[in-house]
Amino acid sequence: MQSLGWSVYELCGGGKARRITDVAHQVKTKRNIFCMTGDCEIVSFTPTDELEMFIVDFDSKGQDKLTFVEFLFNDKENGRFLYARNHDIFLPLSQAILTSCGIKYLAPEMVLLYKSTDTERKGYQLDYDMTVGAMTAEQRAWLWNALKVMNPNGHKWLKANGELSMGSNNSNNFWEAIADDWDTRVGDDGNDFHRELIRPATLRMLNPQTSERILDAACGNGVFARYLAELGVEVVAFDYSPAMIEHARERSAAYSKQIAFTIADATDYGQMLSLGNGKPFDKAVANMAVMGIPDIEPLFKAVFDMLKPGGVFVFSATHPCFQTPDKSFTPDGRGVITTDYITPKRYSYQILTDNPKCAYHWHRPLQELFRICVDAGFVIDGLEEPVFVKGSCTHSVWENVPLPIVIRVQKIKEYVS
Ligand SMILES: C[S@@+](CC[C@H](N)C(=O)[O-])C[C@H]1O[C@@H](n2cnc3c(N)ncnc32)[C@H](O)[C@@H]1O
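Residues numbered from 1 in each chain as written. Predicted model: local features only at pLDDT ≥ 70, side-chain atom pairs only at ≥ 80, totals over all residues.

## Observations concerning the site of the ligand
Stage number 1. In the vicinity of the ligand, 21 residues are found, and the nearest of them are A218, G220, Y240, A266 and N287.
Stage number 2. If you list the elements that add at least two residues to the shell around the ligand, you get α4 (172–186) and α6 (223–230).
Stage number 3. Class assignment of the residues belonging to the shell around the ligand gives a composition of twelve nonpolar, seven polar and two charged. (Near = placed C-beta within 6 Å. Helix = DSSP H or I, 4+ residues; strand = E, 2+ residues; numbered from the N terminus. Nonpolar A, V, L, I, M, F, W, Y, C, P; charged D, E, K, R; others polar.)

## Details of the sheet that holds strand β7 (residues 76–77)
Stage number 1. Taken in spatial order, the three strands make up an open sheet running β7-β8-β9, and their pairing is antiparallel. The open sheet has two edge strands, β7 and β9 (90–92), and neither has a second partner.
Stage number 2. Pairing between β7 and strand β8 (residues 80–82): two bridges, direction antiparallel. Its bridge partner being in β8, E77 is matched across the sheet by R80. (Pairing = 2+ DSSP bridges.)

## With respect to helix α1 (residues 108–115)
Stage number 1. Every buried residue of α1 is listed here: E109, M110, L112 and L113. Summarising the axial view, the buried residues of α1 lie within an arc of 160 degrees, below the 170-degree limit, and thus occupy one face. (Buried ≥ 20, exposed ≤ 12 C-beta atoms within 10 Å, placed from the backbone. Arc of directions from axis to C-beta.)

## Details of the environment of G292
Stage number 1. Looking at where G292 falls in the secondary structure, it is placed in the loop between β15 (281–286) and α9 (297–306).
Stage number 2. Residues G292 and S211 lie 81 residues apart in sequence; the distance between their C-alpha atoms is 30 Å.
Stage number 3. Non-local contacts of G292, meaning those with residues more than four positions away in its chain, are made with S171, A359, Y360 and H361. (Contact = placed C-beta atoms within 7 Å.)

## Observations concerning the environment of N400
Stage number 1. For N400, the location among the structural elements is in the loop between β21 (379–384) and β22 (404–410).
Stage number 2. According to the C-beta neighbour criterion, N400 is exposed, with 12 such atoms within 10 Å.

## Here we look at the sheet that holds strand β14 (residues 259–263)
Stage number 1. In spatial order, the strands read β14-β13-β12-β15-β16-β22-β21; together these seven strands make up an open sheet with mixed pairing. Across the chains shown, the open sheet's two edge strands, defined by having one partner strand only, are β14 and β21. Averaged over all pairs of adjacent strands, the angle between strand axes in this sheet comes to 15 degrees, irrespective of strand direction.
Stage number 2. Strands in contact with α9 are β12 (213–217), β15 and β16 (307–318); relative to β16, the strand with the most contacts, it is inclined by about 150 degrees. (Axes fitted to C-alpha atoms, helices over the stretch in contact; angles between N-to-C directions.)

## Focus on the domain arrangement of the protein chain
Stage number 1. For the protein chain, the assigned domains are domain 1 (1–73), domain 2 (77–167) and domain 3 (172–410).
Stage number 2. Its C-alpha centre places domain 1 at a distance of 42 Å from the equivalent point of domain 3. (Domains from an automatic or database assignment.)

## What to know about the pairing of strand β5 (residues 53–58)
Stage number 1. In this structure, strand β2 (residues 16–19) lies alongside β5, joined through three bridges in antiparallel fashion. Looking at β5, one finds that R18 is bridged to M53.

## Points about helix α3 (residues 137–150)
Stage number 1. If you check α3, its first and last C-alpha atoms are 20 Å apart, about what 14 residues at 1.5 Å a residue would give, namely 20 Å.
Stage number 2. Along α3, the positions that sit buried rather than exposed are Q139, L143, A146 and L147. Viewed end-on, α3 has its buried residues packed into an arc of 100 degrees, placing them on one side of the element. Among the exposed residues of α3, those pointing more than 90 degrees away from its buried face are A137 and E138.
Stage number 3. Buried residues along α3 sit against α1. (Expected span 1.5 Å × (residues − 1).)

## Details of the packing of α9 against helix α10 (residues 366–376)
Stage number 1. Relative to each other, α9 and α10 sit at 35 degrees, their axes nearing to 9 Å. For the pair α9 and α10, the sense of crossing is right-handed. Of the residues in α10, those touching α9 at E297, F300, K301 and F304 are I372, C373 and A376.
Stage number 2. Looking at side-chain class alone, the contact of α9 with α10 contains five nonpolar, no polar and two charged residues. (Left-handed = near helix turned anticlockwise from the far one by under 90°.)

## Let's talk about the packing of α1 against α3
Stage number 1. Relative to each other, α1 and α3 sit at 30 degrees, their axes nearing to 9 Å. Put simply, α1 runs roughly parallel to α3. Every pair of crossing elements has a handedness; the one defined by α1 and α3 is right-handed. Where α1 abuts α3, its residues P108, E109, L112 and L113 lie against Q139, W142, L143, A146 and L147.
Stage number 2. Among the residues making up the contact of α1 with α3, the classes are represented as seven nonpolar, one polar and one charged. (Parallel < 35°, antiparallel > 145°, perpendicular 65-115°, else oblique.)

## Observations concerning the pairing of β15
Stage number 1. Counting buried residues in β15 gives five out of six residues, a clear majority hidden from the surface.
Stage number 2. Two strands pair when backbone bridges link them, and β12 and β15 are joined in this way by three bridges, in the parallel orientation. When the sheet's bridge partners are listed, I214 is paired in β15 with K283.
Stage number 3. The pairing of β15 with β16 spans five bridges and is classified as parallel. Across the sheet, K283 pairs through a bridge with V312, a residue of β16.
Stage number 4. Between β15 and its parallel partner β16, the chain crosses via α9, and the hand of that crossover is right-handed. (Right-handed = clockwise from strand over helix to strand, strands pointing away.)

## Observations regarding unusual backbone geometry
Outside of glycine, negative phi angles account for most residues, and trans bonds account for most peptide bonds.
Stage number 1. Backbone geometry at A218 places phi at a positive 55 degrees, although glycine is not the residue there.
Stage number 2. Mapped onto the fold, A218 is located in the loop between β12 and α6.

Set out below in structure tokens:
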């Protein structure tokens with residue numbers, strides 16, 4: 001690594017790291033080492049009195065560039081990784097996640113076992129939150145047993161029934177971290193996706209009228225709320241990411257009399273209900289958000305309860321038939337392949353093409369999505385599957401296959417029997 005221009009450090013305990021200038025000389029053997037490039041932004045150093053020794057700290061926002069690599073020294077014996085703190089806990093090398101140049105790398109369950117000793121550290125908890133949902137049942141069972149051995153009196157990642165806690169189960173950290181990038185991409189008036197697909201279909205189905213009062217759920221940087229305000233609508237817009245709401249307020253200063261932005265969590269029925277201030281909404285909208293929310297039943301129930309009779313709720317999401325957890329493209333790039341549609345599940349989804357950070361998406365087949373609408377009391381009365389016009393999208397597949405789905409549901413005034 002040094003010959004490639006990376007700096008190499010050995011971790012010496014107590015938050016200290018020593019720069020290694022001679023690879024043949026480490027202060028202690030079997031210490032973890034880490035290597036970083038000159039433009040690595042996730043590690044900070046405070047010099048100490050000792051030569052080449054620093055207090056190190058890591059940015060918990062996570063790594064999105066290959067500027068940092070940490071090597072864990074782990075004893076191995078008879079084809080097994082041994083957990084350094086207890087050699088009775090091991091993992092067969094055959095289960096290591098990667099093999100490269102004949103070297104076995106650790107599996108995520110082993111990495112999380114190491115990180116389990118410092119769950120107060122935000123980055124470690126975040127790693128757990130992001131990883132645990134993606135692990136196999138076998139990996140989770142291994143981690144549960146190992147945690148139990150190391151923490152006989154309990155651990156925050158252990159549930160009593162042999163299950164692991166599923167972490168924070170939401171993507172708020174993700175949206176907070178990505179809010180600046182998202183805001184730049186969406187800007188005042190929306191990106192191509194919003195302007196060409198979401199906005200036209202949503203406007204057709206929402207049919208907003210001057211002086212109506214409309215709720216904009218999970219409003220992001222307020223792009224649609226501003227458009228509604230331009231049409232003379234009074235908007236209450238909310239999002240659970242404070243950073244996103246800050247961007248929304250900054251960009252919408254000219255509409256401050258018409259748009260009330262607020263921070264609220266769509267999974268909390270009580271918080272939703274208080275948004276109406278006891279005054280019913282004419283209509284509601286949630287653009288491209290429901291697939292990113294773990295439990296949408298509180299949102300649908302609250303919107304139903306807050307709408308006037310006859311009011312509509314228009315929401316859009318990644319199309320569940322074509323944006324499935326295992327989606328891939330046909331070899332010619334013109335079609336989508338999936339074998340994983342019918343089971344609702346959480347998976348990781350890269351939101352911005354040039355930012356590798358992933359949020360959670362909750363895949364719901366249409367029958368599940370429609371069940372939630374109907375259970376909340378709604379009648380489904382509109383649906384559009386927008387595609388890009390020919391030649392306007394870099395991925396021609398989205399000219400024939402709809403990337404999003406836009407659905408309208410109505411709180412009908414009364415049933416005719
Ligand atoms: C893909 S963005 C869409 C934003 C906006 N509706 C638009 O179309 O530009 C999804 C938004 O949902 C928000 N969100 C996710 N989960 C939420 C929750 N539980 N409560 C409120 N907002 C949430 C995120 O913070 C993010 O701003």
